[in-house]
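Listed below, chain by chain, are the residues.
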Amino acid sequence: MFSAPKGASDLLPEESGRWSATVTGLLAPSVRAGYRLVDTPIFEETGVFLRVGEATDIVTKEMYTFEDKGGRSLTLRPEGTAGVVRAAIEHHVDRGPLPWKVRYAGPMFRYERPQAGRTRQFFQVGVEALGVDDPAIDAEVVTLGVRAFEEVGLSNVTLLLNSMGDEACRPTYIATLQSYLRANAATLCRECQGRTETNPLRALDCKRAECQAVLATAPVITDHLCVPCKDHYAEVRSYLSALGVIWTEAPRLVRGLDYYRRTTFEFQHDGLGAQNAVGGGGRYDGLSEALGGPSLPGIGWALGLERIALALDAEGVVPGSDEGIEVFVIPIGPESRTNAVTIVDELRSSGVRADMVFGDRGMKGAMKAADRSGARISLIVEPAGTVQLKHMDTGEQYAVPLAEAAARAAAAEQRDQEAHDAAPPAAPETEEDDA
Ligand code: HAM
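Cut-offs used in this document
Residues numbered from 1 in each chain as written. Predicted model: local features only at pLDDT ≥ 70, side-chain atom pairs only at ≥ 80, totals over all residues. Heavy atoms only, no water. Phe/Tyr/Trp six-rings, centres within 6.5 Å; stacked < 30°, edge-to-face > 60°. Helix = DSSP H or I, 4+ residues; strand = E, 2+ residues; numbered from the N terminus. Buried < 20%, exposed > 50% of the residue type's maximum accessible area, 1.4 Å probe, protein only. Pairing = 2+ DSSP bridges. Near = heavy atom within 4 Å. Polar contact = N/O pair within 3.5 Å; in protein donor to acceptor, adjacent residues only side chain to side chain. Areas by Shrake-Rupley, 256 points an atom, 1.4 Å probe, with all protein chains shown as cover. Nonpolar A, V, L, I, M, F, W, Y, C, P; charged D, E, K, R; others polar. Axes fitted to C-alpha atoms, helices over the stretch in contact; angles between N-to-C directions. Parallel < 35°, antiparallel > 145°, perpendicular 65-115°, else oblique. Left-handed = near helix turned anticlockwise from the far one by under 90°. Contact = heavy atoms within 4.5 Å.

**Digging into the packing of aromatic side chains**
Under the definition given, this model contains seven aromatic pairs. Between Tyr 259 and Tyr 284, the ring centres sit 5.7 Å apart and the planes meet at 70°, which makes this aromatic pair edge-to-face. Of the two residues, Tyr 259 is situated in the loop between strand E8 (248–249) and strand E9 (261–269) and Tyr 284 in the loop between strand E10 (277–283) and helix H11 (287–290); the sequence distance between them amounts to 25 residues. For Tyr 259, a relative accessible area of 5% corresponds to the buried category.

**Remarks on the sheet that holds strand E11 (residues 298–304)**
Taken together, the eight strands give an open sheet; going across it, the order is E1-E5-E6-E11-E10-E9-E7-E8, and neighbouring strands pair in mixed fashion. A strand with exactly one partner marks an edge of an open sheet, and here the two such strands are strand E1 (36–37) and E8. Across six bridges, the pairing between E9 and E10 is antiparallel. Along E10, the bridge assignment pairs Phe 265 with Gly 281.

**Concerning the pairing of E11**
Remember that side chains alternate between the two faces of the sheet whenever the strand is regular. Of all seven residues that make up E11, seven are buried, and the element is covered over most of its length. Neither face of E11 is left uncovered, since the one carrying Gly 298, Gly 300, Ala 302 and Gly 304 and the one carrying Ile 299, Trp 301 and Leu 303 both have all their residues buried. Relative to E11, strand E6 (residues 121–130) runs antiparallel, the two sharing seven bridges. Within E11, the position partnered with Glu 128 by the bridge is Gly 300. Pairing geometry for E10 and E11, over five bridges, is antiparallel. Note on E11: the bridge partner recorded for Gly 280 is Ala 302.

**Some remarks on the site of the ligand**
Around the ligand lies a shell of 27 residues, among which Glu 79, Glu 112, Glu 128, Arg 255 and Tyr 260 are the nearest. Here a nitrogen atom of the ligand and a backbone polar atom of Gly 300 are 3.4 Å apart. For the ligand, a nitrogen atom lies 3.5 Å from a polar atom in the backbone of Trp 301. Burial of the ligand by the protein chains amounts to 96% of its free accessible area of 650 Å². Breaking the shell around the ligand down by element, the ones donating at least two residues are E6, E10 and E11. The element best represented in the shell around the ligand is E10, accounting for six residues. For the shell around the ligand, a count of residues per class yields 10 nonpolar, 10 polar and seven charged.

**Considering the packing of helix H5 (residues 135–151) against helix H10 (residues 227–242)**
Where H5 contacts H10, the two axes come as close as 8 Å, and the packing angle between them is 50°. By the angle class used here, H5 and H10 are oblique. Handedness of the crossing formed by H5 with H10: right-handed. Where H5 approaches H10, its residues Pro 135, Ala 136, Asp 138, Ala 139, Val 142 and Thr 143 are matched on the opposing element by His 232, Glu 235, Val 236, Tyr 239 and Leu 240. Taken together, the residues of the contact of H5 with H10 sort by class into seven nonpolar, two polar and two charged.

Structure below.
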């Protein structure tokens, strides 16, 4: 007996309708904003990812790196941005109209210790806007993240916002932070003592109580921004205010990748425990140059579907699925099968989601299958060539001519669907109904 690899899981039909509706919903605002689909390989030359953060856990500890039969070092993508920027360079998007606005959806791979909301294969949807550093595009991208959660019906998402500065001001800040951490080294955990020397910014992310106490009074980047970064951040915030976006200033927010410059942000959901980041992103000016490309400033985000599914559960949101069967066809006896398969095909060709009972199930089994299918209408095809149309909600049943069966079923389905949509929601059941 095999099972799915540790940290990876199967998406089964019971869950997949909601899943694909969520993917579509999250990206719908970005589609309306002109972000077009891009799809890059799920593996890249390892060097592509080495550039995104040589001092980060994602790159040093979590990459699925392997050598192919041609001796090339390849890595399963731990995130989407590096591959998108690699593709943008390779296809010279800098020579075309900018910004180059793209969206993507697909699996990512990180060798992490699995726990609730943290898996080794996980699914992200994301957007990237390349080629401009206008603060208005920062505001657009951040707002599209906010709208993504609204679109799928999530309410309890908080936006954390920060500016990480740039190569002009960040080194001075890092040096200031480093001296502060060195001065407090005795109180820090061992890992943070190490980070103080290798990547002091990462220490800001430490959740340990002893470090938190030190970090609470650590110098913050937003007090050390150079004038251009300060102005850029002020403009981003003023656009966000105008757009009615609500955020929390998070001057200690550091992201798990090294490529960020200036605007950075994270979306957190309050019903998820430790793995509460449902998405995050930021600006990564300089990444294109690091990958050998032209100047191509960029900003984007990625949202994690596994955590969003948990957040939807926590909020009790059930996005609709449009894959359910609408009309179910039941042939009575072998001589009715040909009529049944042709009716099913006619229904499907006219855009109705239709299915039929396969195999010899008997009337009881067939009706059970019809119930399970969730169809509002079933058609019982009789050996004499007559057809009974049955409304599954009410049990009402009447004969319709064979030649009209598909059209009548489609019309009846639509009427029942409209009646259902127009009906006031059923009163919640209480135990004291007659009190
Ligand atoms: P990230 O913050 O590493 O950013 O990942 C974005 C989201 O992916 C996280 O907030 C989380 O919801 C989800 N995620 C990450 N790791 C896991 C995991 N092991 N299991 C389940 N979900 C996970 C990026 O990936 C950047 N590429 C975002 C970006 C786009 N920045 C600029 N453009």
